[in-house]
Amino acid sequence: MRIDSHVHMPSRQGIWGIPFYESYKYLEFMDEVKVDCSVILPLDGLFLDPITANNELYKWCSLDTDRLIPFFTFEPRDKRSKDEIRRCFEELGMKGVKLHTWLQGFRPTEDCFIPLAEYLADLGLPVLFHDGTPPYSTPLQIAELARIVPDLRIILGHGGLYDFAQEAIIAANRHPNISISMTSLPTHHMMNLIEKVNIEQLMFGSDGGLNSLEKHSYVKSRWEMFDSLDISGSVREQILSVNPKRLFNLKDL
């Protein structure tokens with residue numbers, strides 16, 4: 001089973017000039033690159049009204065909820081946030097949360113967010129953070145949240161990217177409640193993570209959805225990069241299947 005832990009829903013509002021397309025087209029693309037499931041992350045909700053964007057993402061994924069795994073977002077300073085978390089979890093059955101601390105403009109350890117993080121931990125919902133581009137989103141800043149709320153399942157969405165790759169390793173080794181999605185990383189960074197981090201804390205993501213389908217060759221190339229890694233079949237299965245299935249509570253197809 002091949003699970004892509006980092007894909008964005010295309011923007012209905014044309015954010016960053018990304019053209020919208022229907023989910024059946026992305027399912028066809030997933031077949032093309034031999035991906036069984038994709039975790040679908042919000043984009044419009046990071047800039048615009050998150051409640052509206054969460055509803056749109058839910059509908060986009062509803063075509064095939066076994067293969068398109070919806071994550072939602074919220075505005076931590078909004079007094080409605082706890083209600084929105086409850087709604088997305090209980091009514092919509094969404095599997096996790098995406099937060100982008102520098103786009104949304106809050107610190108991972110901000111006073112307003114800690115009670116929400118504790119609530120997410122109580123619900124067992126994982127939180128995927130964009131990381132690797134300061135301010136507010138370095139791996140060790142996010143790791144401080146992992147220390148404060150040790151039951152919260154945290155995912156570093158990019159493994160530190162280029163400048164903070166070493167920090168991501170330190171963060172994951174320091175806190176077992178941190179996992180890493182190896183997204184947008186070159187092969188040597190991925191191998192460094194595989195060699196230095198507990199294999200049960202690693203997943204792979206393509207960063208799909210950030211362009212028109214005609215320009216998704218970057219997704220294919222990232223899968224080719226992962227497939228080229230000199231790792232055993234059991235390690236490959238752990239990263240692509242075992243770990244994300246456990247973290248996102250997914251069933252076999």
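Residues numbered from 1 in each chain as written. Predicted model: local features only at pLDDT ≥ 70, side-chain atom pairs only at ≥ 80, totals over all residues. Heavy atoms only, no water.

1. So, the nonpolar core
Side chains that are nonpolar tend, in soluble globular proteins, to be buried together. To keep it simple, the criterion reads: As used here, the term nonpolar core means buried Ala, Val, Leu, Ile, Met, Phe, Trp, Tyr and Cys residues forming a set that is joined through side-chain atoms within 4.5 Å. Exposure is judged per residue with a 1.4 Å probe applied to protein chains only, and the accessible area is read against the type maximum: over 50% gives exposed, under 20% gives buried, and values in between give partly exposed. Secondary structure is summarised from DSSP: a helix means a run of H or I of at least four residues, a strand means a run of E of at least two, and numbering begins at the N terminus for each. Contacts are assigned to residue pairs with any non-hydrogen atoms lying within 4.5 Å of each other.
Formed by 65 residues in total, the largest nonpolar core has its most connected members in Phe74, Phe113, Leu145, Leu152, Met182 and Phe226. At six residues, the largest contribution of residues to this core is made by helix α5 (residues 114-123). Contacts of Leu145, omitting those with residues within four sequence positions, involve Pro108, Thr109, Phe113, Ile114, Ala117, Phe129, Leu152 and Ile154. Within the second largest apolar cluster, 12 residues are counted, among which are Val39, Leu41, Ile69 and Leu250.

2. Some words on the sheet that holds strand β7 (residues 178-183)
Defined as follows: A strand pair is defined by DSSP finding two or more bridges across the two strands. Fitted lines through C-alpha atoms give the axes, limited to the stretch in contact for helices. The angle between two N-to-C directions lies from 0 to 180 degrees.
The strand order across the open sheet formed by eight strands is β1-β2-β3-β4-β5-β6-β7-β8, and the pairing between neighbours is parallel. Both edges of this open sheet fall to β1 (3-8) and β8 (202-205), since each of them pairs with a single strand only. Mean inter-strand twist for the sheet, computed between neighbouring axes without regard to direction, equals 30 degrees. On top of the sheet, helix α8 (residues 187-196) reaches β7 and β8; it is set at about 155 degrees to β7, its chief contact.

3. Quick look at the environment of Gly132
Along the chain, Gly132 turns up in the loop between β5 (127-129) and α6 (139-148). The class of Gly132 is buried, set by a relative accessible area of 7%. A sequence separation of 30 residues divides Gly132 from Tyr162, and the C-alpha atoms of the two residues are 7.3 Å apart. Contact partners of Gly132, with chain neighbours within four places excluded, come to Ser137, Gly160, Leu161 and Phe164.

4. Digging into the environment of Asp4
Rules: We define a polar contact as two N or O atoms separated by no more than 3.5 Å, with the added condition that, inside protein, one atom must be a possible hydrogen donor and the other a possible acceptor, whereas residues neighbouring each other in sequence contribute only through side-chain atom pairs.
Position of Asp4 among the secondary structure elements: in strand β1. By relative accessible area, Asp4 is classed as buried at 1%. Side-chain polar atoms of Asp4 contact the backbone nitrogen of His6, separated by 3.1 Å. A distance of 2.5 Å separates a polar atom in the side chain of Asp4 from a polar atom in the side chain of Ser206.

5. Observations concerning unusual backbone geometry
Residue Pro135 follows Pro134 across a cis peptide bond; omega there is 10 degrees. Relative to the helices and strands, Pro135 resides in the loop between β5 and α6. In this model, Leu161 sits at a positive phi of 50 degrees, which is unusual for a non-glycine residue. With respect to the helices, strands and loops of the structure, Leu161 is situated in the loop between β6 (154-156) and α7 (165-174).

6. Some remarks on helix α2 (residues 50-61)
Inclusion rule: By definition here, a helix of n residues has an expected span of 1.5 Å times n minus one.
For α2, built from 12 residues, the straight-helix expectation of 16 Å at 1.5 Å per residue is met to within 8% by its first-to-last C-alpha distance of 16 Å. In the core, the buried residues of α2 are packed alongside α1 (23-32), β2 (37-41), β3 (68-72) and α3 (81-91).

7. Brief notes about the packing of α3 against α5
As a reminder of what qualifies: Orientation is classified from the angle alone, with under 35 degrees giving roughly parallel, over 145 giving roughly antiparallel, 65 to 115 giving roughly perpendicular, and any other angle giving oblique. Should the near helix be turned anticlockwise from the far one by less than a right angle, the crossing is left-handed, and should it be turned clockwise, the crossing is right-handed. Think of it as three bins: nonpolar holds Ala, Val, Leu, Ile, Met, Phe, Trp, Tyr, Cys and Pro, charged holds Asp, Glu, Lys and Arg, and polar takes everything else, Gly as well.
It is the contact of α3 with α5, at a shortest axis distance of 10 Å, that shows an interaxial angle of 20 degrees. Our classification of the angle between α3 and α5 gives roughly parallel. In this structure, α3 meets α5 at a crossing whose hand is right-handed. Contacts between α3 and α5 involve Ser81, Lys82, Ile85, Arg86 and Phe89 from the first element and Leu116, Tyr119, Leu120 and Leu123 from the second. Partitioning the contact of α3 with α5 into residue classes produces six nonpolar, one polar and two charged.

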